[in-house]
Amino acid sequence: MKRMLRGMVLPVGLLALWEFASHAGVVDPRILPSLELVAHTAVNQVMHEGLLGNLAASLARDMAGFCIGSFIGVAIGTALGLSLVADRLFMPSFNGLRQIAILAWIPLISIWFGVGESAKVVFIAAAALIPVVLNTREGMRAASTQLVEVARALTFTRWQLVTRLYLPSALPSIATGVHLGLIYAWVASIGSEYFMTVGPGIGGLIIAGRERFQMDLVILGILILGIVGFAINLGASAIEARLMRWKPG
Amino acid sequence: MQVAAAAAPPWPSLPRGGIAFLFPLSLLALWSISARLGWLPPQILPAPSEVGSALWDLAGTGELASNTAISLLRVVEGFAAGSALGLLLGIAMGLSRTTEDYVKPLFTAFAQVPTLGWIPFLMLLVGIGEPLKILVIAKAAFVPVALNTFAGIRAVPPIYAEVGALFRFNRWQLLHRVVLPAAVPPIFTGLRYGLTHAWNALVAVELLASAEGLGYLLVWGRQMFWLDTMMGAMIVIGIVGFALDRIMAAAEQRLQSWRLA
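Residues numbered from 1 in each chain as written. Chains lettered and ligands numbered in written order. Predicted model: local features only at pLDDT ≥ 70, side-chain atom pairs only at ≥ 80, totals over all residues. Heavy atoms only, no water.

Caption draft 1: Just the overall build of chain A, in detail. When its secondary structure is counted, chain A shows 10 helices and 0 strands. Listing the helices and strands of chain A from first to last along the sequence gives α-α-α-α-α-α-α-α-α-α. Considering only C-alpha atoms, chain A reaches an extent of 80 × 55 × 30 Å along its principal axes. In chain A, the share of contacts with a sequence separation of at least 24, taken over all contacts with a separation of at least 6, comes to 73%. With the model as given, the accessible surface of chain A reaches about 12800 Å², and the carbon-plus-sulfur share is 70%. On chain A, the mean spot of the 18 positive side-chain charges and the mean spot of the 13 negative ones are 14 Å from each other. (Helix = DSSP H or I, 4+ residues; strand = E, 2+ residues; numbered from the N terminus. Contact = heavy atoms within 4.5 Å. Areas by Shrake-Rupley, 256 points an atom, 1.4 Å probe, with all protein chains shown as cover. Lys, Arg positive; Asp, Glu negative; His and termini not counted. Charge placed at Lys NZ, Arg CZ, Asp CG, Glu CD.)

So this is what it looks like as structure tokens:
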């Protein structure tokens, strides 16, 4: 209880200072709009400007890209983790391409795929793919050699080996990758909307707020970004914990 | 052993790393052939030789060097500011539970919003000049450095502090003889993440608002539809990012050479 109260001191103090500064005219209210103006903008956006539609568009895009990216990522990671030849052949190239900051791909993707929905989803999928590949590969390689020997003694087929042994034992690692993928995909959704400003979305909303010098809109957008990111993180952790329930320790 | 020798392929085996070049080389070959035969228009995929010559031209006019230098300077400045603050906050929160209670919730809320989200906010606040870039890069480095420093200090086994108490170390001695050295590995992990994040943030902010730098080179290439310039800039962004990470890894190794295994 005491800890929670202490935690509230700084945020509440800052908000109070903000409210005071904006009312007393210490700071230009265009730079620091009052809290009630932000709240008013929020209500107005929800009621009349289709904020929820923007949010839904961003989330749909995020999910589409994430699903495609993590699915392909698990497939590639499994192949790289199980086949030494594939790993030697492709991993160095993958590592090389990975060095390019992900946002630097946006101009190229926008030339190849346009600035519409498909380009955004491609970009989000690429962002989600990277951590999933890396962690799936790690997980596959970490399978216990003793278990593999047992499986060989039981004359598992190759398919059984993958589905009964390698996939389950790589699951914790894959979950970590998917969790990271979710976070990357959300950031990438915002990035794609910043640079390809066609169509609805929260990123577009923030950019519009900046262009019209509407700080209230920008702050509202940032709040939504934070809350959605937080919710995604929380959801992913919960699913991860649930999937890992069987794991001792 | 003999079985293994007999099973060896009759052709001389490639050196261990050699196979790594097989894929990129064949991709490059396919790319050249497709450009030569015009499978894809050069507006979609320019020939590799054109990317090379675009890079060569940029290097020749000095544009490449000057833009890279500008980007590097921004990253160094932003990273230095952000990681210094991150170290301070991480140490303060790690050492004192009271500080943690007061500051951590606000810090967590601040860290929830991705760097990309703060850019438009800061644009309205400070304009699109040099301070914007430094602030954005500093924010990107600040969060992972603070988090890892905090976690690293908390993970120092209490038994170390007990040994320190046995030696009658005062607070300062305890901090710089025991706690900080023990927390070096996680702190360095944080610094490495911080530098990677700083480099990504640089690309983001230069794409959104800049008239110079490697990110601007990309934007410029995009506007002119010069794919060769764009791809050249991407390659340089990748190489510099890789080099920065390597430098950090080397520094980490050096600092930890005293460790046993």
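Caption draft 2: A look at the nonpolar core. Core analysis: the largest hydrophobic core is formed by 94 residues, its most contacted members being Leu103 of chain A together with Phe121, Trp199, Leu218 and Ile237 of chain B. Sorting elements by how many residues they give to this core places helix H10 (residues 184-208) of chain B first, with 12 residues. Residues within four places of Phe121 of chain B in sequence aside, it is in contact with Met215, Val218, Ile219 and Ile222 of chain A. In terms of nonpolar packing, the next biggest core, distinct from the first, is built from 9 residues, Val148, Leu161, Tyr166 and Ala170 of chain A among them. (Core = buried A, V, L, I, M, F, W, Y, C linked by side-chain atoms within 4.5 Å. Buried < 20%, exposed > 50% of the residue type's maximum accessible area, 1.4 Å probe, protein only.)

Caption draft 3: Up close: the interface of chain A and chain B. Contacts between chain A and chain B engage 45 residues on the former and 42 residues on the latter. Overall, the association of chain A and chain B removes approximately 4100 Å² of surface from exposure, summing both partners, and the carbon and sulfur fraction of that is 77%. Here chain A is connected to chain B by 3 salt bridges. For Arg3 of chain A, the salt bridge is made with Glu100 of chain B, and the minimal N-O distance between the two is 3.6 Å. Viewed at the interface, chain B and chain A are joined by 7 residue pairs in polar contact (both at pLDDT 80 or more). Mapped by element, the contributors of at least two residues to the side of chain A that touches chain B are helix H1 (2-24), helix H4 (84-98), helix H5 (106-113), helix H8 (158-195), helix H9 (202-211) and helix H10 (215-243) of chain A. Ranked by the residues each element gives to the side of chain A that touches chain B, the list is headed by H10 of chain A, at 8 residues. When its residues are assigned to classes, the side of chain A that touches chain B shows 32 nonpolar, 9 polar and 4 charged. (Buried area = accessible area lost by both parts, 1.4 Å probe. Salt bridge = Lys/Arg side-chain N within 4 Å of Asp/Glu carboxyl O. Polar contact = N/O pair within 3.5 Å; in protein donor to acceptor, adjacent residues only side chain to side chain. Nonpolar A, V, L, I, M, F, W, Y, C, P; charged D, E, K, R; others polar.)

Caption draft 4: A look at the packing of H9 of chain A against helix H6 (residues 115-126) of chain B. At a minimum axis separation of 9 Å, H9 of chain A and H6 of chain B run at an interaxial angle of 5 degrees. Judged by the inter-axis angle, H9 of chain A sits roughly parallel to H6 of chain B. Contact residues: Ile206, Ile207, Gly209 and Arg210 of chain A in H9 of chain A; Pro120, Met123 and Leu124 of chain B in H6 of chain B. Here the residues of the contact of H9 of chain A with H6 of chain B are counted per class, giving 5 nonpolar, 1 polar and 1 charged. (Axes fitted to C-alpha atoms, helices over the stretch in contact; angles between N-to-C directions. Parallel < 35°, antiparallel > 145°, perpendicular 65-115°, else oblique.)

Caption draft 5: How the structure looks around helix H6 (residues 117-141) of chain A. Residue and element names in this part refer to chain A. Spanning 25 residues, H6 covers 36 Å between terminal C-alpha atoms, matching the ideal 36 Å at 1.5 Å per step. The largest bend in H6 is about 30 degrees, located at Leu129, with the proline Pro131 one to four residues further on. Counting buried positions along H6 yields 18 of 25 residues, so the element is predominantly enclosed. (Expected span 1.5 Å × (residues − 1). Bend = angle between axes of the 7 residues up to and from the residue.)

Caption draft 6: Representation of unusual backbone geometry within the structure. Its identity as a non-glycine residue notwithstanding, Phe213 of chain A has a phi of 55 degrees, on the positive side. Structurally, Phe213 of chain A is set in the loop between H9 and H10.

Caption draft 7: Looking closely at the packing of aromatic side chains. Residues and elements named next belong to chain B. Inspection of the entire model under this criterion finds 7 aromatic pairs over all chains. Pairing Phe110 with Trp118 gives two aromatic rings, centres 5.3 Å apart and planes at 35 degrees, and the pair type is tilted. Taking the relative accessible area as the measure of exposure, Phe110 reaches 30% and is therefore partly exposed. A residue is classified by how much of its surface remains accessible, and Trp118, at 17% relative accessible area, is buried. Ring centres of Phe167 and Phe169 lie 5.8 Å apart, and the angle between their planes is 25 degrees; this geometry places the pair in the stacked category. The exposure class assigned to Phe167 is exposed, which follows from its relative accessible area of 59%. (Phe/Tyr/Trp six-rings, centres within 6.5 Å; stacked < 30°, edge-to-face > 60°.)

Caption draft 8: Region of interest: the pattern of salt bridges. Inspection of the entire model under this criterion finds 15 salt bridges over all chains. The partner of Arg74 of chain B in a salt bridge is Glu212 of chain B, and the shortest N-O contact between them spans 3.8 Å. Residue Arg74 of chain B is located in helix H4 (residues 63-95), and its partner Glu212 of chain B is located in the loop between H10 and helix H11 (214-224); the two are separated by 138 residues in the primary sequence. Overlapping salt bridges, with partners in common, bring together Arg3 and Arg6 of chain A together with Glu100, Asp101 and Arg154 of chain B in one network.

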